[in-house]
Amino acid sequence: MNLFENLPLLIALAVGFMGLGWMAAYLISASKIRDARSQAEIIESDAVKSAERVKQKYVLQAKEAWFKKRDEQEGQLKARLRKVEQTEREFDQKTKKLLRSENELGQRESSLKARDREFIEQREALNTKEEQLRRIIQEQNAVLSRIAQVSVEDAKTRLLENLRNEYKAEAAQIYKEHVEKAKDNANRDAKKIVTMAIERNAADHCVETTVSVVPLPSEELKGRIIGRDGRNIKAFEMATGVKVIVDDTPEAVVLSAFDPVRREVARLALLKIIGSNRIHPQRIEEFVRNCEKEVDRVIWRSGNELVARVGVGRVHPDLIRVLGRLKFRSSYGQNVLRHSEEVATLAGAMAAEFDLDIKLAKRAGLLHDIGKATSQEAEGTHVQIGIEIAKKFKEGPVVTNAIASHHEDEPKTSLISVLVACADSISGARPGARRDTLDGYIRRIDSLEKVADSFDLVRKAYAISAGREVRVMVQSDKVDDAQANLLARDIAKKIESDLEYPGQIKVTVIREIKAVSYA
């Protein structure tokens, strides 16, 4: 068969096959479209359901939040209502209370007005009776004055004077009896205790001055000490803070300073300078530094030895150094270190007799003058400085009070403070323990006599025994024996309040009666 002859058939077959393909493709596409639509419907349904669920969830949350907020607001409202109701109840109670108080005040006011009226009536009646009594008394006084021929004022003056003298004499007699009895008992016990304490304490006598004399091997050394244009002596005074006095005293140089520690450093340094071959400012400063270290060692050793000798237990190292400085300190010529040791020993001995804490009494006596170690470097009295030192090193209240009260600056709060003050007086009053300048001695004697002469009944006063006793001559025709005791006590009190003095001052009142007759 020819190909061209079959061409229409082939074309028809091809077109048929193509139609079948298109038909199959259309059917497949339609099926896919139906599947896509069904899936889209399913997805749309799921989305609608999910959105509904989310909507319901948020609606429920919003409802819960609304209900919760409503409950909170209702609770707050109820609390406020309760508070308002409570406030109203309190207000009602206060109103009722005020009404009751107002009623009570009204009743009291009425009662007071009634009492005022009664008082006015009673006062008027009393004034009337007083006027009647005054007229009766005046009439009786006039009658008595005519009978006794003495005026009313003179009689009143005589009566008051007699009563005053009578009661004063009785008071003086009672005072005399009690004082004599107390003195007998106190003197007996005090003499025993003080005598025993003094016997147990054998102290050396030490007199200090404000100057130190350094001996020189020869007069030629004075020129070397002064140096060219005075440069050596100026350097020495600058380094030590001590005044060097080079005068006509043969083979001696005088060092003058109020600070005893500086003066001791200067003395040691000058001795070393004298022994040195070369003297110039640099060597002088080196000597001074070495001597300062040496004096520090002496202070530490002296404080340690003192604490060990007295036996007061453990003491702070810095406080030991402060105690050691007392070795170079003097008061009225008495070395304060030895004085403190004496006071500690005496206080401990007396504390043993009273069954008190011996170690505590010794500690209080040892530290009673601790303020004198630094009194030249700090402001205030040595008592105030001593109190600050005691508080700084945490000393007990008994020791602090003993420091504060041994010069009567504060009241004594313990028996140990009393014993420390007694021991301080004993150590200071011991013959030879202290010395005084002539001007100071004259001023003290004059002050004692002026205080005693200031009393009206005193004829003349004399201070004797280096100011330890005042003898007072009184007008014998105006002072009896009982009044003499009162006068002695008054003079002693005035001396205590007006003067400062170490130890005790005895006041003796003397009545001199002369009986003269002629035959």
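Up top is the structure.
What counts, and where the lines are drawn
Residues numbered from 1 in each chain as written. Predicted model: local features only at pLDDT ≥ 70, side-chain atom pairs only at ≥ 80, totals over all residues. Heavy atoms only, no water. Salt bridge = Lys/Arg side-chain N within 4 Å of Asp/Glu carboxyl O. Helix = DSSP H or I, 4+ residues; strand = E, 2+ residues; numbered from the N terminus. Buried < 20%, exposed > 50% of the residue type's maximum accessible area, 1.4 Å probe, protein only. Axes fitted to C-alpha atoms, helices over the stretch in contact; angles between N-to-C directions. Parallel < 35°, antiparallel > 145°, perpendicular 65-115°, else oblique. Contact = heavy atoms within 4.5 Å. Nonpolar A, V, L, I, M, F, W, Y, C, P; charged D, E, K, R; others polar.

With that out of the way, let us pick up the pattern of salt bridges. Enumeration according to the criterion identifies 17 salt bridges in this entry. For the salt bridge of E74 with R70, the shortest nitrogen-to-oxygen distance reads 3.9 Å. Of this pair, E74 and R70 both sit in helix 1 (residues 7–148), 4 residues apart, which is roughly one turn of the helix. E74 sits in the partly exposed class, given a relative accessible area of 38%. When the shortest N-O distance is used, the salt bridge between E294 and K272 registers 3.2 Å. Of this pair, E294 sits in helix 6 (residues 281–310) while K272 sits in helix 5 (residues 260–275), and the two are 22 residues apart along the sequence. Overall, K272 belongs to the partly exposed group, its relative accessible area being 34%. Here the residues in one salt-bridge network are E131, R134 and R135, joined through shared partners.

On to the packing of helix 10 (residues 382–392) against helix 11 (residues 397–405), then. Where helix 10 contacts helix 11, the two axes come as close as 8 Å, and the packing angle between them is 170°. Comparing their axes, helix 11 and helix 10 come out roughly antiparallel. Contacts between helix 10 and helix 11 involve V383, G386, I387 and A390 from the first element and T400, I403 and A404 from the second. Here the contact of helix 10 with helix 11 is built from residues that sort into 5 nonpolar, 2 polar and no charged.

By the burial criterion, the buried members of helix 10 are H382, V383, I385, G386, I387, I389 and A390. Buried residues in helix 10 make contact with helix 7 (317–325) and helix 11. Downstream of helix 10 by one or two residues, K394 has phi in the positive range, about 60°.

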